[in-house]
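Given next are the chains, with one letter for each unit.
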Amino acid sequence: MAELLLSSPASSSASASASIVVSLSGASSRLPKKPASASASAQALPFPFHAASPSPSPSLRVSARSLHRLLPLSPRRNPSLLRGAFVSRSMGSAGAMCAASDAAQLRSAREDIKELLNTTFCHPILVRLGWHDAGTYDKNIEEWPQRGGANGSLRFEVELKHAANAGLVNALKLIQPIKDKYSGVTYADLFQLASATAIEEAGGPKIPMKYGRVDVTGPEQCPAERKLPDAGPPSPAQHLRDVFYRMGLDDKEIVALSGAHTLGRARPERSGWGKPETKYTKDGPGAPGGQSWTVQWLKFDNSYFKDIKEQKDEDLLVLPTDAVLLEDPSFKVYAEKYAEDQDAFFKDYAEAHAKLSNLGAKFDPPEGISLDGDIKAATPEPFVAAKYSSGEKKRELSDAMKQKIRAEYEAIGGSPDKPLKSNYFLNIMIVIAALAFLTSLLGN
Ligand code: HEM
C-alpha cells in the first residue's frame, strides 16, 4: 500500500537546442539608464551550455574543488561530468522532474547550497532566481500551473529568455549540480530553498519556509512574458502596485521585499541598469563588476533603506522603483520604519518572503513539508503509525510517505503519533453486538 502511494519521478521530453539571449548595453552612469532595447543589444549564447566553453559570465567561476564536492559522482567514474554534461543534460531536457520533494534530501541539498554560497558568493543571484520563479503569479487565475508562481518553470529556456530574467541562467547553472544530486527535490523547491538559505546565510532573518512544491513538466506551461516589474516604468508606484497586487501582495510587502536589494548588484550587460563597476564591486567577492545598492552587498541588513533615503553615494544604485519607496506616502511609512528599525524590517521581510515563495505553488502533501519543525503537520516523530506496517518488506517509511499518512490521519481527526487504544475495537464490538441483539429482538 505504502509503495503504491509513493510518487515516482517522471520525465519530460522538452528539447534542449536553442539559445539564450543576454542584453548587452553600455549604460554606466550612476542615475540608472533605461535598458537598451533587446533587439539592438542582444547576443545569442549557445544552449545547452558546456563548462568547457567560454563562460558567459565570470560569476560562473566555480573552483574545481568546490564543484567536485557538489557533484553526485566523481568525474573519474563519470567523465561526462567534467565536460559539463550535467548542465546540458538536465537543463536541456529540463525534464529531470519529480512530483514533489523529499525532506531528507531537501535538508541535504540545503547543506550543499551553503557550501556553494561559501565558495562562490552567489547569494544575490540565488535570491533573484527564487523571486523570479515565484513572481509571475496571478491571483486572478485559479488553475495550476496557468496561474504562474513558484512551480519551477524558470528552468525552461523559453522563460530564461524573458528580458527580466537576463543573467539568471547563471544561477541555474550554479545549482544544477545540486539538482542532479537530489532526484527527490523539485526545481520549484530548490529555487526557493536556495533563495531562503542565501538570505539566512547572508545574515538575514530565519524564513518560515515550507516545501513540497510540484514542478511544471514542460515549457508550454511557462508564464507569459512581462509578469515581473520593470525598474523604470513611467509611474513607478502605480506600476509596483499593478504588479504586486496581481500577486496578492500589499504595500508593506512591496517595501519589505524590495529590501532584498540590500544584496547584490545590477549589471548593464544583464538588465541594462547600473554601472559596469564601482569601488564596492570592482574586486568582488565573487565575479567583479556591477553596481550595488549597498556598500556591503553580501550582507543582509537594513542598509538598503538607509542608502536609498540618503542617496549620497554616487557609487550606490537607486532604481526609480527603489526611489519611489520614499516618495509614495503609503510606501514611505514602511521604508522610513525599516531604515530606523532593523528588527521590524527582518520580521516583515521574513513573512513577506515566505509568502512570496508560496505564490501559485502546488504542494504535495497539501500542508507542505517543514525542514525545521515550524510547520505543525510536518513534525515527524513520534510516528507510531509506522509500527503497524508488517511483512517481510517492513522498513522505515520515507519522510514524504509519513507526511502523506499524517495528512490522512489528521483529515479524519486522528493522529499517527498515538497508538490505537485497544478499547477502541472493544467499543466497536460492543456496538455491533448491541445492534445485533436489538435486531434479533425486533425480529421476534
Ligand atoms: C520591486 C520591484 C523590483 C524591481 C524593479 C527589480 C529590479 C531589479 C534589477 C533591474 C536588478 C538587476 C539585475 C541585473 O542586472 O543582474 C535586480 C537585481 C536583484 N533583485 Fe530585484 N527588483 C525588484 C524586486 C525584487 C524583489 C522582490 C527581490 C527579492 C525578494 C529582488 C531581489 C534582487 C536581487 C537579490 C538582485 C541582485 C541580483 C544579483 O546581484 O545578481 N528584487 N532587481
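Whatever comes next refers back to the structure up there.
Residues numbered from 1 in each chain as written. Predicted model: local features only at pLDDT ≥ 70, side-chain atom pairs only at ≥ 80, totals over all residues.

When helices and strands are counted, the protein shows 17 helices and four strands. Considering the protein as a whole, with its 444 residues, one finds that 45% of them fall into the buried category. Contacts in the protein between residues far apart in sequence, at least 24 positions, make up 77% of those at least 6 positions apart. (Helix = DSSP H or I, 4+ residues; strand = E, 2+ residues; numbered from the N terminus. Buried ≥ 20, exposed ≤ 12 C-beta atoms within 10 Å, placed from the backbone. Contact = placed C-beta atoms within 7 Å.)

Between helix H11 (residues 251-258) and helix H15 (residues 342-358), the least distance of the axes is 9 Å, while the angle of their chain directions is 100°. Relative to H15, H11 is oriented roughly perpendicular. Note on element contacts: H15 touches H11 through Phe 345, Asp 348, Tyr 349, Ala 352, His 353, Lys 355 and Leu 356, opposite Lys 252, Glu 253, Ala 256 and Leu 257. For the contact of H11 with H15, the per-class residue count stands at six nonpolar, one polar and four charged. (Axes fitted to C-alpha atoms, helices over the stretch in contact; angles between N-to-C directions. Parallel < 35°, antiparallel > 145°, perpendicular 65-115°, else oblique. Nonpolar A, V, L, I, M, F, W, Y, C, P; charged D, E, K, R; others polar.)

Counting 85 residues, the largest nonpolar core has Ala 171, Leu 190 and Ala 194 as the members making the most contacts within it. The element best represented in this core is helix H9 (residues 187-201), accounting for nine residues. Contacts of Ala 171, omitting those with residues within four sequence positions, involve Cys 122, Ile 125, Leu 126, Arg 128 and Leu 129. (Core = buried A, V, L, I, M, F, W, Y, C linked by C-beta atoms within 7 Å.)

With that settled, consider the site of the ligand. Taken together, 23 residues surround the ligand, and among them Pro 124, Ala 260, Gly 264, Ala 266 and Ser 271 come closest. Looking at the shell around the ligand, the elements that each hand over two or more residues are helix H6 (123-134), H11 and strand E3 (265-266). A total of five residues in the shell around the ligand trace back to one element, the largest contributor, which is H6. Grouping the amino acids of the shell around the ligand by side-chain chemistry returns 13 nonpolar, six polar and four charged. (Near = placed C-beta within 6 Å.)

What follows concerns H11. In terms of burial, H11 is largely enclosed, as seven of its eight residues are buried. Residues of H11 that are buried make contact with helix H10 (236-246), helix H13 (320-323), helix H14 (329-340) and H15.

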